[in-house]
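# Summary of structural features
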Amino acid sequence: MFRFGADYYPEHWPEARWELDAQLMQEAGFNTVRLAEFAWSRLEPSPGRFDFDWLDRVIAILHARGIQVVLGTPTGSPPPWVMAMYPDAYRVIETGQRVGYGNRREYCPTHAGYRERSRIVTQAMAAHYAEHPAVIGWQTDNEFGERCFCDHCRAAFQSWLQHKYGALDAVNAAWGTVFWSHEYSAWSQIPAAGGTIFPDAFGPEYHNPGLALDYCRFMSDQYVAFQREQVDILRAACPDHFITHNFMGIHFDRIDYFDLAADLDFVAWDNYRRMQWTFQPHVNPSEAALAHGVMRGLKQKNFWIMEQQSGSGGWQIVSVAPRPGELQLWAYQSIAHGADAIIFFRWRTARFGTEQYWHGLLEHDGRTGRRYQEIKQMGAEIARAGAQIYGSEVRAEVAILLDYTTRFAFQIQANNPAFRYAAHVQQIFQAFHTRNVPVDIVSTHDDFARYKLLVVPAQYVLDEATAAAVTRFVAQGGVLLVTPRTGVKDESNTVVNRPLPGLLAEVCGVEVEEYDSLPEGVSQPLAFADATRFAGEAPHAKVWCDVLRPLSAEVIARYTSDYYAGRAAVTVNQFGKGQAVYVATFGDAAIYDALGDWLLELAAVERGSAAPAGVECCVRWQGDQRLLFVLNHTAEEQGFSLSAPMMDILSGQTIDAPGVVLKPRQVLILSE
Ligand code: GLA
Ligand code: GLA
């Protein structure tokens, strides 16, 4: 069933209020709330002494109104007594500084004592709620987690390396430790890679890139292992409950999210469109669309929104207020991209604590204002349409490869200070999204053969199996798009001993002769060989320019200035039954906008519905039934045309063809 509700912190409010909250939730059409996620101090006030009475009482009140419950394991925010027990469980950040008490997620995921406390509280909750009719599932912790560089992690890293490599000789060979005389003669000599992994700054230490990449993998594995201990307990005690975690979209890149998702039943994520630091009133719908795509891609499966924005975001600073209709619009966009549940964060705006200005559906004083009324209206629509939407699938012919190992490697070596992997993926994705073409986000382990067009953006660390799978995809008739800094490194983060793009040079039919990393503000227009075909705004090369030597590829566009004027900047190569396109510069979004139609044609991918700019069209399939989501992301009326009358399942009204006028921020879900 389609789940609709909010994140509720009853422990923040007098018990006398709970009944009214439950009544207002029921009136808003809620069927689900998340509870207990940060309530460790109330659930286990002192070591081993548990108090579930208050939680039982609030669950009973909710359940009486038809509302079921997802419980969070509370380990994302330890009470003081936990940290007082283990002063060495505080995380050590990149710079070597140990964090102190007073925020949340202060813990080191490796720490044996912290892990034990996490198992104890999880076990107690699982035992208490296993048979409870109102409890349907679990969320592990909260938004795992930053890296730690403490001595416990260093020792665990050494064991992790022993397990991975077996012998020190293998480590030395893989990393090339002869460089600067780093050859290790004992496991205990190997450091944690602190001070090296900064996305936007430069640290005091520069570790061997091989060591740093393994450290990133190790830390990712530590969180996966920490979560697995909770998952194992919950699976054993509560076999009928689902288990999920609240992920953070595309921008978080410290954990291999494919690995973290593997142990869960489905992915849930926290979708904020306007955060405390966001002052521009405009929100780019393509950014949310990509984040949803990534979250759906982690398990190739529909997902939950565990925290959907419910008002201005704010800790110290308050973001621009969501305009009338925006909260609904953003929530419906989540559904359009595969959400089977919308849980708003949070029910009521907190009066105390760090998040006093992170606005909930209710005001600080508990009043129901505009935001509550908008979501209540949505609740009525979901009650009508939810069953038809639930479980329907997004189907795509285009896939973009997303790879966390590559992301880790770019954290270690950005290559160019202006390069951002996620922004690069966004630029390419946007060209498809603005054409209303659905895109799946895939991992190196997914089957590419299901797609017609595969994008391999800046696949910096390229292993042989992935290169072989990509090559096979093209040989069998697929269309491939490859961008710079692909195939540069092997799995040890060592530069390959062959011309770039390394293992994909043959399939792309090009070799990178040399490259130019450009300073900020330097760019040059590209010239298309067939200018009539690629009309529109002239795309520009910037950030990075590969200077190509085409082997068998045909030149589509060339550089126009500098010492490589006239050299190939975009090429296409016939390989087997398919074709490989190489774009040699990071450039601007106009490149992919210019190439978009041509790429879709080359791959025979069907275009999405034609719609004005700012109107997003997405399709979910319920078997053979097509549900067309039409979302007006603009503050103006927009015209949209239909080939036949359709039913809007939100309002239950028939929408006549051909001309439809969408109100500002209006959403339609049309069925034939
Ligand atoms: C210095 C050092 C060299 C090398 C270069 C380039 O000159 O002496 O060993 O590190 O910088 O970084
Ligand atoms: C995240 C967390 C929440 C809350 C919100 C708003 O998504 O999961 O606990 O902190 O951000 O800041």
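Located above this text is the structure these notes cover.
Residues numbered from 1 in each chain as written. Chains lettered and ligands numbered in written order. Predicted model: local features only at pLDDT ≥ 70, side-chain atom pairs only at ≥ 80, totals over all residues. Heavy atoms only, no water.

## Re the overall build of the chain
- Along the backbone of the chain there are 17 helices and 26 strands.
- For the chain, the C-alpha radius of gyration of 26 Å lies close to 26 Å, the compact-globule estimate for 672 residues.
- Along the first, second and third principal axes, the C-alpha atoms of the chain reach 75 × 75 × 40 Å.
- The burial tally for the chain puts 61% of its 672 residues in the buried class.
- By sequence separation, contacts in the chain at least 24 residues apart represent 73% of the contacts at least 6 residues apart. (Helix = DSSP H or I, 4+ residues; strand = E, 2+ residues; numbered from the N terminus. Rg over C-alpha atoms; globule rule 2.2 N^0.38 Å. Buried < 20%, exposed > 50% of the residue type's maximum accessible area, 1.4 Å probe, protein only. Contact = heavy atoms within 4.5 Å.)

## So, the state of the cysteines
- Applying the stated criterion across every chain, the model contains zero disulfides.
- Sulfur of cysteine 150: no disulfide; nearest cysteine sulfur belongs to cysteine 148 and is 3.6 Å away.
- By relative accessible area, cysteine 150 is classed as buried at 2%. (Disulfide = S-S within 2.5 Å.)

## Points about unusual backbone geometry
- Residue arginine 346 is bonded to the preceding phenylalanine 345 through a cis peptide linkage, with omega at 0°.
- Within the element layout of this structure, arginine 346 appears in the loop between strand S8 (339-345) and helix H12 (370-389).
- Cis rather than trans, the peptide bond between leucine 500 and proline 501 has omega equal to 5°.
- Even without glycine at this site, glutamate 143 takes up a positive phi of about 40°.

## A few points about the sheet that holds strand S21 (residues 625-632)
- Across the sheet, which stays open at both edges, the five strands sit in the order S20-S21-S26-S23-S24 with antiparallel pairing between neighbours. In the strand order of this sheet, the two ends are held by strand S20 (615-622) and strand S24 (653-655), each with one partner. Between one strand and the next, the sheet's axes are offset by a mean angle of 30°, whatever the strand orientation.
- The pairing of strand S23 (residues 646-648) with S24 spans three bridges and is classified as antiparallel. Considered in S24, the bridge of methionine 647 is made with threonine 654.
- Against the sheet, helix H11 (residues 326-336) makes contact with S20, S21 and strand S26 (667-671), and its axis sits at roughly 150° relative to S21, the strand it touches most. (Pairing = 2+ DSSP bridges. Axes fitted to C-alpha atoms, helices over the stretch in contact; angles between N-to-C directions.)

## Observations regarding helix H3 (residues 53-64)
- In this model, H3 (12 residues) spans 17 Å end to end at C-alpha, consistent with the 16 Å of a helix rising 1.5 Å per residue.
- Taken together, the buried positions of H3 are occupied by Trp54, Leu55, Val58, Ile59, Ile61 and Leu62. Projected onto a plane normal to the axis of H3, the buried residues spread over an arc of 160° and lie on a single side.
- Contacts made by the buried residues of H3 are with helix H1 (15-27), strand S2 (32-35), helix H2 (40-43), strand S3 (68-72), helix H5 (112-129) and strand S4 (135-140).
- Positioned one or two residues after H3, glycine 66 has a phi angle of 80°, which is positive. (Expected span 1.5 Å × (residues − 1). Arc of directions from axis to C-beta.)

## A short note on the site of ligand 2
- With respect to spatial proximity, the complete set of residues near ligand 2 consists of Phe38, Arg104, Asn142, Glu143, Asn246, Asp270, Tyr272, Glu307, Trp315, Phe345, Glu355 and Trp358.
- The separation between an oxygen atom of ligand 2 and a polar side-chain atom of glutamate 307 is 2.6 Å.
- Within the side chain of glutamate 355, one N or O atom sits 2.3 Å away from an oxygen atom of ligand 2.
- With the chains in place, 95% of the 300 Å² that ligand 2 exposes on its own is no longer accessible. (Near = heavy atom within 4 Å. Polar contact = N/O pair within 3.5 Å; in protein donor to acceptor, adjacent residues only side chain to side chain. Areas by Shrake-Rupley, 256 points an atom, 1.4 Å probe, with all protein chains shown as cover.)

## Digging into the packing of helix H14 (residues 421-433) against helix H17 (residues 589-602)
- Running from amino to carboxyl end, H14 crosses H17 at an angle of 45°, the nearest separation of the two axes being 8 Å. With respect to H17, the element H14 is oriented oblique. Relative to H17, H14 is oriented so that their crossing is right-handed. From H14, His424, Gln427, Ile428, Ala431 and Phe432 reach across to H17, where they touch Ala589, Tyr592, Asp593, Leu599 and Leu600.
- Per-class residue counts for the contact of H14 with H17 are seven nonpolar, two polar and one charged. (Parallel < 35°, antiparallel > 145°, perpendicular 65-115°, else oblique. Left-handed = near helix turned anticlockwise from the far one by under 90°. Nonpolar A, V, L, I, M, F, W, Y, C, P; charged D, E, K, R; others polar.)

## Structural notes on the packing of H11 against H12
- It is at 9 Å that the axes of H11 and H12 come closest, and there the two elements cross at 25°. Between H11 and H12, the interaxial angle falls into the category roughly parallel. For the pair H11 and H12, the sense of crossing is right-handed. Along the contact surface, H11 presents Glu326, Leu327, Gln328, Ala331, Tyr332 and Ile335, while H12 presents Arg371, Glu374, Ile375, Gln377, Met378, Glu381, Ile382 and Ile389.
- Taken together, the residues that form the contact of H11 with H12 break down as eight nonpolar, two polar and four charged.

## A short note on the pattern of salt bridges
- By the definition in use, this model includes 33 salt bridges.
- Notably, a salt bridge pairs lysine 452 with glutamate 397, separated by 3.2 Å at the nearest N-O pair. Linking lysine 452 in the loop between strand S10 (439-442) and strand S11 (453-456) with glutamate 397 in the loop between H12 and strand S9 (398-401), this pair joins segments that are 55 residues apart in sequence.
- Residue lysine 452 is classed as partly exposed on the basis of its relative accessible area, which comes to 34%.
- Using a relative accessible area of 28% as the deciding quantity, one classes glutamate 397 as partly exposed.
- Taking the shortest distance from any N to any O, the salt bridge between arginine 549 and glutamate 513 comes out at 3.9 Å. Of the two residues, arginine 549 sits in strand S16 (residues 544-550) while glutamate 513 sits in strand S13 (residues 510-517), which places them 36 residues apart along the sequence.
- Classification of glutamate 513 by relative accessible area gives partly exposed; the value is 45%. (Salt bridge = Lys/Arg side-chain N within 4 Å of Asp/Glu carboxyl O.)

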